[in-house]
Amino acid sequence: MKTIDLRSDTVTLPTDEMIDAIVAAHKAGRFGDDVSGEDEVVNELQEKAARILGKEAALLVTSGTQGNLTSLFAQTTRGDEIVVDEQSHCYVFEGGAMASFGGLYPRPVRGVRGYITPEILRNSINSDDPHYARTSMVVVENTHNYAGGIVVRPEQVSALAEAAHEKGLKVHCDGARLFNAAVALGIPARNLVQDVDSVMVCLSKGLSAPVGSIVAGTKEFIHEAHRIRKRMGGGMRQAGIIAAPGIIALEKMVTRLKEDHSNARLLYDRLSKIPSVVVEEPPETNILFIRLDKMNIDAMKFSEELKKRGVLVYGEYGTRIRFVTHRMVNREDMFRAAQAVEDVAKSV
Ligand SMILES: Cc1ncc(COP(=O)(O)O)c(C=O)c1O
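Residues numbered from 1 in each chain as written. Predicted model: local features only at pLDDT ≥ 70, side-chain atom pairs only at ≥ 80, totals over all residues. Heavy atoms only, no water.

## Things to note about the overall build of the protein chain
Each helix and strand in the protein chain was counted, giving 13 helices and 13 strands. Against the 2.2 N^0.38 benchmark of 20 Å for 348 residues, the protein chain shows a C-alpha radius of gyration of 20 Å, consistent with a compact globule. For the protein chain, the C-alpha atoms occupy an extent of roughly 60 × 55 × 35 Å along the three principal directions. Burial statistics for the protein chain: of 348 residues in total, 56% are counted as buried. Looking at the protein chain alone, contacts between residues at least 24 apart form 74% of all its contacts between residues at least 6 apart. (Helix = DSSP H or I, 4+ residues; strand = E, 2+ residues; numbered from the N terminus. Rg over C-alpha atoms; globule rule 2.2 N^0.38 Å. Buried < 20%, exposed > 50% of the residue type's maximum accessible area, 1.4 Å probe, protein only. Contact = heavy atoms within 4.5 Å.)

## Concerning the sheet that holds strand β9 (residues 278-279)
The four strands are arranged β9-β10-β13-β12 in an open sheet whose pairing can be described as antiparallel. Looking at the sheet topology across the chains shown, the edges are occupied by β9 and β12 (314-317). Strand direction decides the pairing type here: β9 and strand β10 (residues 287-291), joined by two bridges, are antiparallel. When the bridges of β10 are listed, Val-279 appears paired with Ile-290. (Pairing = 2+ DSSP bridges.)

## Regarding the site of the ligand
In the vicinity of the ligand, the contacting residues are Ser-63, Gly-64, Thr-65, Asn-68, His-89, Glu-94, Glu-141, Asp-174, Ala-176, Arg-177, Met-200 and Lys-205. Within the contact set of the ligand, an oxygen atom lies 2.6 Å away from a side-chain nitrogen or oxygen of Thr-65. With respect to the ligand, the side chain of Asp-174 contributes an N or O atom lying 2.7 Å from a nitrogen atom. Alone, the ligand offers 390 Å² of accessible surface; in the complex the protein occludes 83% of this. Tallied by class, the residues present in the shell around the ligand amount to two nonpolar, five polar and five charged. (Near = heavy atom within 4 Å. Polar contact = N/O pair within 3.5 Å; in protein donor to acceptor, adjacent residues only side chain to side chain. Areas by Shrake-Rupley, 256 points an atom, 1.4 Å probe, with all protein chains shown as cover. Nonpolar A, V, L, I, M, F, W, Y, C, P; charged D, E, K, R; others polar.)

## Structural notes on the domain arrangement of the protein chain
For interface size, the figure often reported is the accessible area lost on association. Here the domain parsing of the protein chain yields domain 1 (16-252) and domain 2 (256-347). Placing a centre on the C-alpha atoms of domain 1 and another on those of domain 2 gives a separation of 28 Å. Summing both partners gives a buried area of about 1500 Å² for domain 1 against domain 2, and 49% of it is carried by carbon and sulfur. Seen at the junction of domain 1 and domain 2, the total is two salt bridges. Residues Arg-153 and Glu-284 are paired through a salt bridge, measuring 3.2 Å at the closest nitrogen-oxygen approach. When grouped by side-chain class, the residues that make up the side of domain 1 that touches domain 2 number nine nonpolar, seven polar and three charged. (Domains from an automatic or database assignment. Buried area = accessible area lost by both parts, 1.4 Å probe. Salt bridge = Lys/Arg side-chain N within 4 Å of Asp/Glu carboxyl O.)

Okay, here's the thing in structure tokens:
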């Protein structure tokens, strides 16, 4: 029986078209040394990504984490304070890298469903006094993973950016799943990032590319980001092998994300019918959390029980379990996954 892997959209395998694109680019002699800017496919991807995101320039990086760090380091100075949601990826899930590699001091604040309101931001900016670290940036995560794939609306991004810019702060968007947000709202992705200074998007999540993320912003920012990427060991050579699937990801894989969203909604509907399971917010995109508060079992044990029934989830969230839909699962799998949850819930 098929294993239903709902751990993350990062488990998506490249499509045949992506593999064909690598071979075609190779046969056409388009690969080169990207550290010298000589890989035509990387250049094409970067130009395309910049256009799609409405920014002057873009840069291919190895991962979302590297993209976030590159963006932060390119726009701040060691010792600066960065305002982040307390459940944001760059604060919780990046191994403390902004502090350990960049000397940056995170200022975690409690956002509203992951969103740092202008008021929360204003209350978190240190005054210009040598006792305090200089607050120089705020990060907006869109969609917000830990809050449940929540979409931050364009007007929310604009309001936050206005408050930040008024005080001289930069705004970085961790848009690992920015295209999920755009598809959910039915708007171009660029509308979500027009007011931010830098944005990172992942090609390797729901868009199914095997590797890679993009950072985008002004030409000046990308010039600096290029230097930082190299410093962090992210200078790649024939990176067109990564860029070729990335181009397909941007061209062909965005609109289908709505299928992932409707599967998440279907899963939500089924899980909501199980009395002992507390389902958090109805999913806006492809992420959904349940809580196990009403049951005498923790998430780790629950996920082990689900695994025995052919359903994979991450159980590292205490009493919360995350389900992520993506291209490798279908409607039928949602029914089976919900049934497995019900079976485990009944057995404890
Ligand atoms: C919101 C968010 N930002 C950044 C990342 C980091 O991406 P990567 O795993 O490619 O480093 C992730 C990965 O899951 C994420 O969910």
